[in-house]
Amino acid sequence: RQKVYFRGYYFDKNSTRSSLTLTPTPSPTLRNILRQKIIHIFDKYFPDKPRIKGLALALLMNDKYFLGSKFVDQVRLSSLGHTLALSGLHLGLIICLGFCLSYLIGLVCPYVYLYLPRPKLGIILAVPLVCIYLWLGQAPVSLLRASIMFFSWAILYLKNRNRIFIDGLFYALLLIVVVSPLSIFDLSLQLSFVAVFFIGVTYPHWRSLFSRLSLFDKLRRERRLRGLWGYLSKPAQYFIALIAMTLTANLGLLPLQAWAFGRFSPHIYLNLIWLPVLGFLVLPAGFMGVLLIFVPLLENLSQYFFYLMGIGLKGLIVVLDFFQVHDLLHPIVIPRPGWEQMLGFWFVLLVFIYHSRLWQQKTNFFLAMSLIALINILSITLNQFNCIKLKLLDVGQGQSILCELPGNKRILIDGGGSWSLKFDPGKYIVTPVITWKAWPRLDRVFLTHSDVDHLRGLYYPLSYLKVDEFVFNGVYPEGRDKQLLARALSLGGEKVRVTGRGDVWDMGQGVKI
């Protein structure tokens, strides 16, 4: 039931060890048959390239078995990690296939539009595609929520209701919270809601932009755009629409992502390249391959669709490997905002969007701006370090202490750590505390001694935070930890100083260590 096909056993008896390995025997369900066929096709066209079939299975079936953790980190550091988690982005691209089918039906039988307008026909055709993708992707929570939003919008549109976007979003949110009340605390739901909300509130603005882009259609009708350019005018409009919605969603998500993750990828521009490739080549080709793979006379044709999908995925892997080889995949650590800063950012963004309407109600507008400014000023004032604060961080075994001193000075003593390098307490525990409502900087980092339970949590802060000085006793760790520490100090560029017993460090304003 949990899709576990590999099991191993061993026992120790009379100082001899035996092992038992079972051959995987996947159940002969339709999904598993489809999975094996897809694997066979990608092994045929892309031998010895497991990452290509791993990405294909992840995008089509939410199956990340062939994706290693290091490659997944590459994708995340390139700001494309959200494309691996099946969500509203992928569902939206599948829904576009429904509208493409309605367009093709109109070319063959134009009179169909007399009985059913093209948008409604597109929605009706998208419903079975959405259901197929839900089954294919094993209905993860994120994809299920996006489907509920789609069905809410579809019902409202088919009933000729107004204000479909925002009303449908809140109806879907109400249904989700009623069924699962605790999901309101789920970060994925929060990210989805904020992204869709800002796409909805900016819809009138980019709709007017798209109406200006109808120049393409006008030029085509006047036969100024001929041949291939005439046929590409409609995809060009969809391409611009996809970019507009991507930028809008990312802008609205910025404070929430900063609060949740505390880091930012400098390669966010890759979304402008990869999302069109994903939407116009990779997913449509893969989905068409899935639809055709069980048709007896068209099964061979499905292989060519999967081949096209693999070409797009291969291009992504080439780009990621280039960034990895040239050591360009590094995050930018940013301050983690509090609720006051997040509220202020969203308020300013909404003011920018609706400035013409708000300006007509000047009194309410200025009162709201004054309230937001007052809240943020009080937050900044109360966050000033007018006394000594010691924060003992829960890093498990070992210790880590963040000292906040008068004059907005901060020092970190040790960073915790463990015997395993798979979990980085510096990345997931120490750095989030340091950057909470504060700039990612430290005046000094002290390492009392180079045991792993004090040292390994310092690699991430030393690499990506601005640290003025690194102070330790002069005894470097051995083995791999020595290399990791040297690399962290090289990335961060900290000044290294050695201290010993009896030394006194003056931190200013009468504070000494």
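Going by the structure above, here's the rest.
Report on the accompanying structure.

**Description of the packing of aromatic side chains**
In the structure shown here, the tally under the stated rule is 17 aromatic pairs. Centroid distance F470 to F472: 5.3 Å. Interplanar angle 25°. Geometry classified as stacked. The exposure classification of F470 matches that of F472, with both residues buried. Here K53 stacks its cationic end above the ring of F66, 4.4 Å away from the centre of that ring.

**Digging into the sheet that holds strand β8 (residues 441-447)**
Note: strands within a sheet are paired through backbone hydrogen bonds, in either parallel or antiparallel orientation. What the six strands build is an open sheet, ordered β5-β6-β7-β8-β9-β10; its pairing is mixed. Of all the strands in the sheet, the pair left with one neighbour each is β5 (389-392) and β10 (495-498). Strand after strand, the sheet turns through a mean of 20° between neighbouring axes, direction not considered. Note that strand β7 (residues 409-413) and β8 share three bridges and pair parallel.

**Remarks on the nonpolar core**
Core analysis: the biggest nonpolar cluster contains 55 residues, and I38, L60, Y133, F306, M309 and L313 have the highest contact counts within it. Examining the composition of this core, we find that nine residues originate from one element, helix α12 (residues 270-292), more than from any other. Beyond its immediate sequence surroundings of up to four residues, M309 is in contact with F42, A56, L59, L60, V282, A285 and G286. Counting residues in hydrophobic clusters, the runner-up holds 22 residues, among them L402, Y460, L462 and L489.

**Examining the pairing of strand β9 (residues 466-472)**
Judged by how many residues are buried, β9 sits mostly within the fold: five of seven residues are covered. Inspection of the sheet shows β9 paired to β10 by four bridges, in the parallel sense. In the strand pairing of β10, E469 is matched with K495. For the handedness criterion, the β-α-β arrangement of β9, helix α20 (residues 480-492) and β10 is classed as right-handed.

**Some points on the packing of helix α4 (residues 88-108) against α12**
Running from N to C, α4 and α12 point in directions that differ by 65°, and their axes come no closer than 10 Å. Considering only the axes of α4 and α12, their crossing is right-handed. Where α4 approaches α12, its residues L89, H90, L93, I94 and L97 are matched on the opposing element by L275, L278, G279, L283, P284 and F287. Across the contact of α4 with α12, the residue classes break down as nine nonpolar, two polar and no charged.

**Re a nonpolar patch on the surface**
Together, L101, Y103, L104, L107 and V108 make up a nonpolar patch on the protein surface, roughly 490 Å² of accessible area in all. With respect to the helices and strands, L101 occurs in helix α4. Relative accessible area serves as the criterion here: at 37%, L101 is assigned to the partly exposed category.

**Thoughts on helix α3 (residues 69-77)**
For α3, the full list of buried residues reads F71, V72, Q74 and V75. Along α3, the residues classed as buried sweep out an arc of 150° about the axis, all on the same side. Of the exposed residues in α3, the ones pointing more than 90 degrees away from its buried face are S69, K70 and R76. Where α3 is buried, its residues contact α2 (50-61) and α13 (299-325). S79 lies just past α3 and shows a positive phi near 75°.

**Remarks on the side chain of D443**
Here D443 shows up in strand β8. By relative accessible area, D443 is classed as buried at 14%. One polar contact links D443 to R441, side chain to side chain, over a distance of 3.1 Å. Contact partners of D443, with chain neighbours within four places excluded, come to N408, K409, R410, D468 and E469.

**Here's the deal with the environment of A139**
The residue A139 is located in the loop between α5 (118-136) and α6 (141-158) in this model. The spatial distance from the C-alpha of A139 to the C-alpha of M61 is 9.3 Å, given a sequence separation of 78 residues.

**Section: the layout of surface pockets**
Here the second largest pocket is characterised by a volume of approximately 1,300 Å³. Taken together, 30 residues form the lining of the second largest pocket, with D73, L421, D424, R480 and R487 sitting closest to its centre. Taken together, the residues of the lining of the second largest pocket break down into 15 nonpolar, five polar and ten charged.

**Some points on empty space enclosed by the protein**
By the definition in use, this model includes two cavities of 30 Å³ or more. Size it by volume and the largest cavity reaches roughly 50 Å³. Along its surface, the largest cavity is lined by F261, G262, R263, V333, R336, K427, T431, P432, T435 and Y460. Element by element, the count of residues in the lining of the largest cavity is highest for helix α17 (residues 425-434), at three residues. Counted by class, the lining of the largest cavity contains four nonpolar, three polar and three charged residues. Here the second largest cavity is characterised by a volume of approximately 40 Å³. Counting residues per element, the ones that place at least two in the lining of the second largest cavity are α2 and α13. Each residue belonging to the lining of the second largest cavity can be placed in one class, and the counts come to eight nonpolar, one polar and no charged.

Rules of the game
Per chain, the residues get numbers from 1 upward, laid out in the order the sequence is written. Thresholds applied to this predicted model are a pLDDT of at least 70 for local features of residues and 80 or more for the giving and counting of side-chain atom pairs; totals over whole chains, interfaces and linings are not thresholded and use all residues. Calculated side-chain values reflect all of the structure's heavy atoms, with hydrogen atoms and water omitted. Centres within 6.5 Å are what make two rings of Phe, Tyr or Trp a pair, Trp counting through its six-membered ring; a difference in plane orientation under 30 degrees is then read as stacked, over 60 as edge-to-face, and the rest as tilted. Three labels apply to residues, based on accessible area from a 1.4 Å probe with only protein chains included: buried if under 20% of the type maximum, exposed if over 50%, partly exposed otherwise in between. A ring has a charge above it when a Lys NZ or an Arg CZ is no more than 6 Å from the ring centre and no more than 35 degrees off the ring normal. One requirement defines pairing of two strands: DSSP has to find at least two bridges between them. Note on conventions: DSSP H or I runs of at least 4 residues are helices, E runs of at least 2 residues are strands, and numbering of each starts at the N terminus. Comment: axis = line fitted to C-alpha atoms, over the contacting stretch for helices; angle = value between 0 and 180 degrees taken between N-to-C directions. What we call a nonpolar core is a set of buried Ala, Val, Leu, Ile, Met, Phe, Trp, Tyr and Cys residues that are connected through their side-chain atoms within 4.5 Å. Note on contacts: a residue pair qualifies if any of its non-hydrogen atoms lie within 4.5 Å across the two residues. Consider the strands pointing away from the viewer: the crossover is right-handed when the path from the first strand over the helix to the second runs clockwise. In a left-handed crossing the near helix is turned counterclockwise from the far helix by less than a right angle, and in a right-handed crossing that turn is clockwise. As a working rule, the residues Ala, Val, Leu, Ile, Met, Phe, Trp, Tyr, Cys and Pro are called nonpolar, Asp, Glu, Lys and Arg charged, and the rest polar, with Gly in that last group. Patch definition: residues with relative accessible area over 30% and no salt bridge; like charges joined within 9 Å; nonpolar side chains (Val, Leu, Ile, Met, Phe, Trp, Tyr) joined within 5 Å. Note on areas: Shrake-Rupley, 1.4 Å probe, and residue coverage restricted to the protein chains presented here. Salt bridge, as used here, is a side-chain nitrogen of Lys or Arg placed within 4 Å of a carboxyl oxygen of Asp or Glu. The directions from the helix axis to the C-beta atoms form the arc being described. Think of a polar contact as two N or O atoms within 3.5 Å of one another; within protein, one of them needs to be a possible hydrogen donor and the other a possible acceptor, and neighboring residues in sequence only count if both atoms come from side chains. Within this scheme a cavity is a closed region of a 1 Å grid, computed over the protein atoms alone, that accommodates a 1.4 Å probe without allowing it to escape, whereas a pocket is open but has protein on both sides within 12 Å along at least five of seven lines; lining residues each have an atom within 4 Å of a point. Grid points are joined across faces, edges and corners, and a volume is the space filled by probe spheres set on the points.

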